[in-house]
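Coordinates in review
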Amino acid sequence: KEAMDIDIQSKPSQPHWYERYVQPCVAELLGSGLFIFIGCLSVIEDAEGTGRLQPALAHGLALGLTIAILGDI
C-alpha cells in the first residue's frame, strides 16, 4: 500500500470583529489620552530652569511607553 501525503491547507482564520474594529480604536483612544495627559501634566509643573526640556522629555517618554505597550495592536 502506498502512503498518500495530502497537504491540508487550512484557511487562515479571520480575526474576531472585536480584534479587527474595537481593539484598534480603544488602543488609539488610550494611547492618545495617555500622550495628551502626560504632556499637559509636564507643562503644569514646570520647575524653574527646566525650560523646554521637561515637556519634551515627558512627551518623548509617553510616546515610547505608548508604543511599547500598544504597538502590537
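Check the entry above for the structure.
Described in the following lines is the structure provided in the data block. (Residues numbered from 1 in each chain as written. Predicted model: local features only at pLDDT ≥ 70, side-chain atom pairs only at ≥ 80, totals over all residues. Heavy atoms only, no water.)

To continue, consider the environment of Ile 36. Structurally, the position occupied by Ile 36 is in helix α1 (residues 17-44). Take Ile 36: its relative accessible area is 52%, and that puts it in the exposed class. Through-space distance from the C-alpha of Ile 36 to that of Ala 62 is 8.8 Å; in sequence the pair is 26 residues apart. (Helix = DSSP H or I, 4+ residues; strand = E, 2+ residues; numbered from the N terminus. Buried < 20%, exposed > 50% of the residue type's maximum accessible area, 1.4 Å probe, protein only.)

One can describe the packing of α1 onto helix α2 (residues 53-70) by two numbers: an axis separation of 9 Å at closest approach and a directional angle of 160 degrees. Taken together, the axes of α1 and α2 are roughly antiparallel relative to one another. In terms of crossing hand, the pair formed by α1 and α2 is right-handed. Where α1 approaches α2, its residues Ala 27, Leu 30, Gly 31, Leu 34, Phe 35, Ile 38, Gly 39, Ser 42 and Val 43 are matched on the opposing element by Gln 54, Pro 55, Ala 58, His 59, Ala 62, Leu 63, Leu 65, Thr 66 and Leu 70. The class makeup of the residues in the contact of α1 with α2 is 12 nonpolar, 6 polar and no charged. (Axes fitted to C-alpha atoms, helices over the stretch in contact; angles between N-to-C directions. Parallel < 35°, antiparallel > 145°, perpendicular 65-115°, else oblique. Left-handed = near helix turned anticlockwise from the far one by under 90°. Contact = heavy atoms within 4.5 Å. Nonpolar A, V, L, I, M, F, W, Y, C, P; charged D, E, K, R; others polar.)

The next thing to look at is a nonpolar patch on the surface. A cluster of nonpolar side chains, namely Trp 17, Tyr 18 and Tyr 21, defines an oily patch on the protein surface of about 390 Å² accessible area. Tracing the backbone through its elements, the reader meets Tyr 21 in helix α1. The class for Tyr 21 is exposed, based on a relative accessible area of 52%. (Patch = residues over 30% accessible without salt bridge, like charges linked within 9 Å, V, L, I, M, F, W, Y side chains within 5 Å. Areas by Shrake-Rupley, 256 points an atom, 1.4 Å probe, with all protein chains shown as cover. Salt bridge = Lys/Arg side-chain N within 4 Å of Asp/Glu carboxyl O.)

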